[in-house]
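Chain residues, written in single-letter form:
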Amino acid sequence: MTNIRWSGLTVLLRALSSSIRSLLRASLPAVSASPLITRIAKQPAAQRLSALFSSLLAREPTAEERARFGARVAADAPAEALADLAWAVCASAEFLTNH
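Anyway, here's the lowdown on the structure attached to this text. Everything quoted here is computed from the prediction, not taken from an experiment.

1. Describing the overall build of the protein
In terms of regular secondary structure, the protein is built from 6 helices and 0 strands. Reading the helices (α) and strands (β) of the protein from amino to carboxyl end gives α-α-α-α-α-α. Counting over 99 residues, the protein shows a buried share of 23%. The contacts in the protein between residues at least 6 apart in sequence include a share of 51% that link residues at least 24 apart. Accessible surface, the protein: about 6800 Å² in total, of which carbon and sulfur atoms supply 64%.

2. Looking at the environment of Pro-44
Mapping Pro-44 onto the fold places it in the loop between α2 (35-41) and α3 (45-57). The partly exposed category is assigned to Pro-44, whose relative accessible area is 46%. Pro-44 sits 30 residues away from Ala-74 along the chain, and the two C-alpha atoms are 8.3 Å apart.

3. Considering the nonpolar core
In this structure, Leu-52, Phe-53, Leu-82, Leu-85 and Val-89 are the most contacted members of the largest nonpolar core, which totals 15 residues. Those elements that provide at least two residues to this core are α2, α3 and α5 (78-90). Considering each element in turn, this core owes the most residues, 6 residues, to α3. Not counting residues within four places of it along the chain, the set of residues in contact with Phe-53 comprises Ala-58, Arg-59, Glu-60, Pro-61, Glu-65, Phe-69, Leu-85 and Val-89.

4. Here we look at the pattern of salt bridges
Applying the stated criterion to the full structure yields 4 salt bridges. Across the pair Glu-65 and Arg-59 runs a salt bridge, and its minimum N-O distance is 2.8 Å. On the accessibility criterion, Glu-65 (17% relative accessible area) is buried. We classify Arg-59 as partly exposed; its relative accessible area is 22%. Of the charged contacts in the structure, one is a salt bridge between Glu-94 and Arg-59, with a shortest N-O distance of 2.7 Å. Here Glu-94 is found in helix α6 (residues 93-98), whereas its partner Arg-59 is found in the loop between α3 and α4 (63-73), with 35 residues between them in sequence. Overall, the relative accessible area of 28% leaves Glu-94 in the partly exposed class. Salt bridges linked by common partners bring Arg-59, Glu-65 and Glu-94 together as one network.

Cut-offs and rules
- Residues numbered from 1 in each chain as written.
- Predicted model: local features only at pLDDT ≥ 70, side-chain atom pairs only at ≥ 80, totals over all residues.
- Heavy atoms only, no water.
- Helix = DSSP H or I, 4+ residues; strand = E, 2+ residues; numbered from the N terminus.
- Buried < 20%, exposed > 50% of the residue type's maximum accessible area, 1.4 Å probe, protein only.
- Contact = heavy atoms within 4.5 Å.
- Areas by Shrake-Rupley, 256 points an atom, 1.4 Å probe, with all protein chains shown as cover.
- Core = buried A, V, L, I, M, F, W, Y, C linked by side-chain atoms within 4.5 Å.
- Salt bridge = Lys/Arg side-chain N within 4 Å of Asp/Glu carboxyl O.

Structure follows, in structure tokens:
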């Protein structure tokens, strides 16, 4: 009986997964088009990471953070990279405990 329930749940989740992926894809442009992300994306590449960290964490990025995220945020499509990083920062323990 348990196997039937799990396989039924698996079928349901697989059926819903394409709908969920579509919803997530539809929400991403809205995030990358937010006023904060749009404003930061228009800044010179060298200032984007500092602007995002200052806005979300009220501090400058560390040298390790600059090395890890700097190149991606300076890329040709900065809005998507900034939106991804903004989500990651907002989900971080630092953001959740300090802000």
